[in-house]
Amino acid sequence: VSYSQMTYAQRGKQHTNPVAQELFAIMERKRSNLSLAADVATKAELLALADKVGPYICVLKTHIDVISDFDADLVAQLQVLASKHDFLLFEDRKFADIGNTVKLQYGGGIYRIADWAHITNCHVIPGEGIIQGLAEVGIPKGRGLLLLAEMSSKGMLATGAYTDKNIEMAVRNDFVIGFIGSRRFTEERDLITMTPGVGLHAAGDALGQQYRTPEMIVTENGSDVIIVGRGIYGPGKDPVTEAQRYRDAGWAAYEKRLFV
Ligand code: BMP
């Protein structure tokens, strides 16, 4: 039986990675496969949004380097909200350097990403050493990594043989828990796909973003987590209403996939 036909609960029970186990458990408890992409500019906005939308999401995805007044207290407060609302933290850092450099970037600097982000991600452009470098920092802390096997934007170059290389590297590195991409990529082990570029209303934006619906992504393509940003907090939107709508749409798309 394909992983796409199994429940999140079943997959969590048989998974060997602690972050993947926890993610599946949260998804099942909250009946949510929704991740919020919280791309706001200040600490206060990020905390307010995370607190409001927290009850409806399984993962809060951050770009911590866009917060103009970042400080260590922001991280402490995000961790409090993650426990309060039962979600994981995913820093969308997109590491892309040699293994030695990404080790420094992941564990150190002002953001100390490995200390608080359950999940982060990388491009495999530098070769497999990037995964090994990140794993040296992340495995002892019980973290997980996603590879950017594809992107959602128009004209993106992660296709064909490059995407295939991502899959091969993911399968043989235990630190990798899955992918950013548009579909389920392999049955060789249970690698989780998270998909950005999800929207119910708009087709895209002026800078190349392209949106597809939860049904296309989860039911048809077998992806596991939908990542939604401006569809939830964009101009004129009520974030709580929209988060509930996306959570319900994502869950319905998942149930439809199970019961076909
Ligand atoms: P929005 O739903 O507002 O378009 O936001 C999408 C989010 O997902 C952004 O944070 C962006 O950086 C991220 N993202 C993406 O859009 N496409 C990708 O291929 C990979 C991403 O991380």
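Taking an unreviewed UniProt entry as the reference, the protein is identified by name as Orotidine 5'-phosphate decarboxylase belonging to Coemansia brasiliensis. Checking UniProt for the protein, the heading Sequence similarities (unreviewed entry) contains the comment "Belongs to the OMP decarboxylase family." As recorded by UniProt, the Pathway (unreviewed entry) comment attached to the protein reads in full: "Pyrimidine metabolism; UMP biosynthesis via de novo pathway; UMP from orotate: step 2/2."

**Let's talk about the packing of aromatic side chains**
Taken as a whole, this structure holds 7 aromatic pairs when the rule is applied. A ring pair is formed by Y8 and W251, whose centres lie 5.7 Å apart and whose planes are at 55 degrees; its orientation type is tilted. Of this pair, Y8 sits in helix α1 (residues 8–14) while W251 sits in helix α10 (residues 239–258), placing them 243 residues apart in sequence. Assigned by exposure class, Y8 and W251 land together as buried.

**Digging into the site of the ligand**
Surveying the vicinity of the ligand reveals 14 residues, the closest of which are D39, D92, K94, S152 and Y211. A distance of 2.9 Å separates an oxygen atom of the ligand from a polar atom in the backbone of G229. Relative to its unbound accessible surface of 480 Å², the ligand loses 90% to contact with the protein.

**Thoughts on the sheet that holds strand β4 (residues 119–122)**
An order of β1-β2-β3-β4-β5-β6-β7-β8 is seen for the 8 strands of this closed barrel, with the pairing classed as parallel. Neighbouring strand axes in the sheet, compared pairwise and without regard to direction, differ in orientation by 25 degrees on average. With 4 bridges joining them, strand β5 (residues 144–148) and strand β6 (residues 176–180) adopt parallel strand pairing. In the strand pairing of β6, L147 is matched with F179. In this fold helix α7 (residues 160–172) packs onto β5 and β6, with an angle of close to 165 degrees to the strand it touches most, β5.

What counts, and where the lines are drawn
Residues numbered from 1 in each chain as written. Predicted model: local features only at pLDDT ≥ 70, side-chain atom pairs only at ≥ 80, totals over all residues. Heavy atoms only, no water. UniProt positions renumbered as here; feature names shortened; annotations may be inferred. Phe/Tyr/Trp six-rings, centres within 6.5 Å; stacked < 30°, edge-to-face > 60°. Helix = DSSP H or I, 4+ residues; strand = E, 2+ residues; numbered from the N terminus. Buried < 20%, exposed > 50% of the residue type's maximum accessible area, 1.4 Å probe, protein only. Near = heavy atom within 4 Å. Polar contact = N/O pair within 3.5 Å; in protein donor to acceptor, adjacent residues only side chain to side chain. Areas by Shrake-Rupley, 256 points an atom, 1.4 Å probe, with all protein chains shown as cover. Pairing = 2+ DSSP bridges. Axes fitted to C-alpha atoms, helices over the stretch in contact; angles between N-to-C directions. Contact = heavy atoms within 4.5 Å.

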